[in-house]
Amino acid sequence: MKRKTQSRHSARTPAVFDMSSDICVWSKAGVIKPTRCINAFDCLSCPLHRRLKKDVASGRLTDGRAPVDWWVFPDRFRTEAEEMKCRHMLSGRVSYKYCINNYQCDNCSYNQMIEDEALADLEDHSVQKIISGFALAENYYYHPGHTWARVEYGGFVRMGLDDFSARVFGPFDQIVLPGMGTAIRQGEICCEVIRGSLRAECLCPIEGMVVAVNPRASEKDSFPDWSPFDAGWLMVMEPVHLTSRLRKLHFGEESSIWLEQEVSALAAMITEETGHALAATGGRAVPDIYGHLPELDWNELKHKFLRT
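None of these values were measured; they are calculated from a predicted model.

Caption draft 1: Expanded view of the nonpolar core. Among the nonpolar cores identified, the biggest contains 59 residues, and Leu266, Ile289 and Leu301 are the most heavily contacted of them. Element by element, the count of residues in this core is highest for helix 8 (residues 253-274), at six residues. Look past the residues within four positions of Ile289 in its chain and what remains in contact with it is Phe134, Arg167, Val168, Leu266, Ile270, Leu278 and Leu296. Counting 13 residues, the second largest nonpolar core, distinct from the first, contains Trp26, Cys43, Leu48 and Ala66.

What follows is the structure, given as structure tokens:
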């Protein structure tokens, strides 16, 4: 039965958020003539996107626009390097900004600032359901180590910890995140949560390069009202091998079944080690499960559920 579920899952294409129209983002920015998107807004794997990005970086566009005969004569127009428009200006996200970093967005402080400002738009973005007392965001992908991935507009992937790990191991004093530009493979350690003298590593759900991190992760006071699926995201990554990596994650009904199994395993551990039952209030598992049950073995918890 499990093998059949995986087979159906492998045939799915990524669930992509914020795909508001069928017009290419380069067309919306006025760089090229009106053109329909040919790649489901997965810009990172789109040959048109790669060519335009190369042309902009090499100064082949005049005032950020392609000539009418761009397809025939891609080298016809050039601009000076200092006249390159920032990708956030090209997309209309900001009105005025030229790139001074040769389009190396992964180590650009301005790009990080723009991502920080976007935090306010993330509240209540996810649609959640309750599975055995724990929240599960719909259309998110889940790693067995309780991290999630969400494919977003342009093909970038936002990731974080799920409600299960937040309630079992949190609240945290700090979350240590990698620096921008760090390359991480799927299943490798991508962050570390710290609670007093206790530490636990978490595994990356996908593979790629870190292009933004959430500054709130280092703010202790943010955790009492922390929303792991929305404002509590941890980082944004520019993925590689996205489709093949997503096939290795839980999605849809499969993620609901997986979470039920994880909750059952947690309940059995709690009963065995403490003699208590997994507590709930109003149909939800209580927050700070480890804090309520310090008899639990922290190392055993992280090994069994975080897979580290």
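Once you've had a look at it, read on.
Caption draft 2: Representation of the confidence of the model for the chain in the model. Mean pLDDT over the chain: 78, with 71% of residues reaching 70 or higher. This model gives residues 1-11 a pLDDT under 50, and the stretch forms 10 contacts once residues within four places in sequence are excluded. Here residues 72-82 is a poorly scored stretch, pLDDT under 50, and it has 22 contacts once near neighbours within four places are set aside; other chains count.

Caption draft 3: Molecular detail of the pattern of salt bridges. Per the stated rule, a full pass over the model turns up nine salt bridges. Ionic pairing is found between Glu207 and Arg185, a salt bridge with its closest N-O pair at 3.5 Å. Of the two residues, Glu207 sits in the loop between strand 9 (198-203) and strand 10 (208-213) while Arg185 sits in the loop between strand 7 (183-184) and strand 8 (189-195), which places them 22 residues apart along the sequence. Here Glu207 falls in the buried class, since its relative accessible area comes to 10%. The partner of Glu262 in a salt bridge is Arg307, with the nearest N and O atoms 3.0 Å apart. One end of the pair, Glu262, is in helix 8; the other, Arg307, is in the segment after helix 10 (298-306), and 45 residues separate them in sequence. On the basis of relative accessibility, which here comes to 8%, the residue Glu262 falls in the buried class. Using a relative accessible area of 35% as the deciding quantity, one classes Arg307 as partly exposed. Taken together, the salt bridges that share partners define one network made up of Arg150, Glu152 and Arg158.

Caption draft 4: How the structure looks around the pairing of strand 5 (residues 157-161). Burial of strand 5 is extensive: five of the five residues sit out of reach of the surface. Where strand 4 (residues 147-151) meets strand 5, five bridges bridge the pair, whose relative direction is antiparallel. When the sheet's bridge partners are listed, Ala149 is paired in strand 5 with Met159. Pairing between strand 5 and strand 11 (residues 235-239): three bridges, direction antiparallel. By the bridge assignment, Val157 is partnered in strand 11 with Met237.

Caption draft 5: Quick look at the sheet that holds strand 10. Taken in spatial order, the six strands line up as 3-4-5-11-10-7 in an open sheet, and their pairing is antiparallel. Here the strands that pair on one side only, and so sit at the sheet edges, are strand 3 (141-142) and strand 7. Sheet topology places strand 3 next to strand 4; two bridges connect them, and they run antiparallel. Considered in strand 4, the bridge of Tyr141 is made with Ala149.

Cut-off values and rules
Each chain carries its own residue numbering, running from 1 in the direction its sequence is written. Reporting in this predicted model follows two pLDDT cut-offs: at least 70 for local features of residues, and 80 or more for side-chain atom pairs to be given and counted; totals over whole chains, interfaces and linings ignore these cut-offs and use all residues. Side-chain measures were taken over the full set of non-hydrogen atoms in the model, leaving aside hydrogen atoms and water. Buried residues of nine kinds, namely Ala, Val, Leu, Ile, Met, Phe, Trp, Tyr and Cys, make up a nonpolar core once their side-chain atoms join them within 4.5 Å. Per-residue accessibility, obtained with a 1.4 Å probe over protein chains only, is compared with the maximum for each type, and a residue is labelled buried under 20%, exposed over 50%, and partly exposed between these values. Numbering of helices and strands runs from the N terminus; a helix is a DSSP stretch of H or I covering at least four residues, while a strand is a stretch of E covering at least two. Contacts were defined at the residue level, with two residues in contact if any of their heavy atoms lie within 4.5 Å. Confidence scores here are pLDDT values: one per residue, from the predictor, ranging 0 to 100. Put simply, a salt bridge is a Lys or Arg side-chain nitrogen that is within 4 Å of an Asp or Glu carboxyl oxygen. Criterion used throughout: strands pair if DSSP finds at least two bridges between them.

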